[in-house]
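Observations on the model geometry
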Amino acid sequence: MTREAGRRAGPGEQAVLLAAGLADVAVSTLGSALGAVRSLARRSDTAELVAEAEQDLTARGRLVLDRYATVPPAHLEVLAQHVLARRAADGG
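It should be emphasised that the depicted structure is a prediction, and the values quoted were computed from it without experimental measurement.

What follows is about the overall build of the chain. If you tally the helices and strands in the chain, you get 3 helices and 0 strands. Along the chain, from the amino end to the carboxyl end, the secondary structure elements read α-α-α. Radius of gyration (C-alpha) of the chain: 28 Å, far over the 12 Å computed for a compact globule of 92 residues. When its C-alpha atoms are laid out on the principal axes, the chain stretches across 80 × 55 × 15 Å. Counting across all 92 residues of the chain, residues that qualify as buried make up 2%. Accessible surface, the chain as shown: approximately 8400 Å² in total, 61% of it carbon and sulfur. Side-chain charges of the chain comprise 11 positive and 11 negative groups, with the mean position of each set lying 6 Å from the other.

Set out below in structure tokens:
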């Protein structure tokens, strides 16, 4: 599937090109990952690297949960607390 100069790809052709590009990225990424795994398997400190990776992933997991799982305080509740604090400070 080649494009002629100056011709614009139709929606079907565009979808095929995008899918082919994504597949190429996935294959090259998988190849790189397999190469990295092979090189790690040859190292003598693999157990230490795995333990460090586990700690890093655990820390990242905590950060993600803290970022997305905590519920922020209700906006009106915060405003009401400010009003009460001001009234208490003014003595009224």
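On to helix α3 (residues 75-90), then. For α3, spanning 16 residues, the distance from its first C-alpha to its last is 23 Å, which sits close to the expected 22 Å at 1.5 Å a residue. Downstream of α3 by a residue or two, Gly91 has a phi angle that is positive, lying close to 85 degrees.

Bringing the environment of Arg60 into the picture now. Inspection of the secondary structure assignment puts Arg60 in helix α2 (residues 46-69). For Arg60, a relative accessible area of 60% corresponds to the exposed category. When the C-alpha positions of Arg60 and Gly12 are compared, they lie 40 Å apart, and in sequence the two are 48 residues distant.

With that settled, the discussion passes to the environment of Gln14. By secondary structure assignment, the location of Gln14 is in helix α1 (residues 11-41). Separated by 55 residues in sequence, Gln14 and Ala69 place their C-alpha atoms 38 Å apart.

Thresholds applied
- Residues numbered from 1 in each chain as written.
- Predicted model: local features only at pLDDT ≥ 70, side-chain atom pairs only at ≥ 80, totals over all residues.
- Heavy atoms only, no water.
- Helix = DSSP H or I, 4+ residues; strand = E, 2+ residues; numbered from the N terminus.
- Rg over C-alpha atoms; globule rule 2.2 N^0.38 Å.
- Buried < 20%, exposed > 50% of the residue type's maximum accessible area, 1.4 Å probe, protein only.
- Areas by Shrake-Rupley, 256 points an atom, 1.4 Å probe, with all protein chains shown as cover.
- Lys, Arg positive; Asp, Glu negative; His and termini not counted.
- Charge placed at Lys NZ, Arg CZ, Asp CG, Glu CD.
- Expected span 1.5 Å × (residues − 1).

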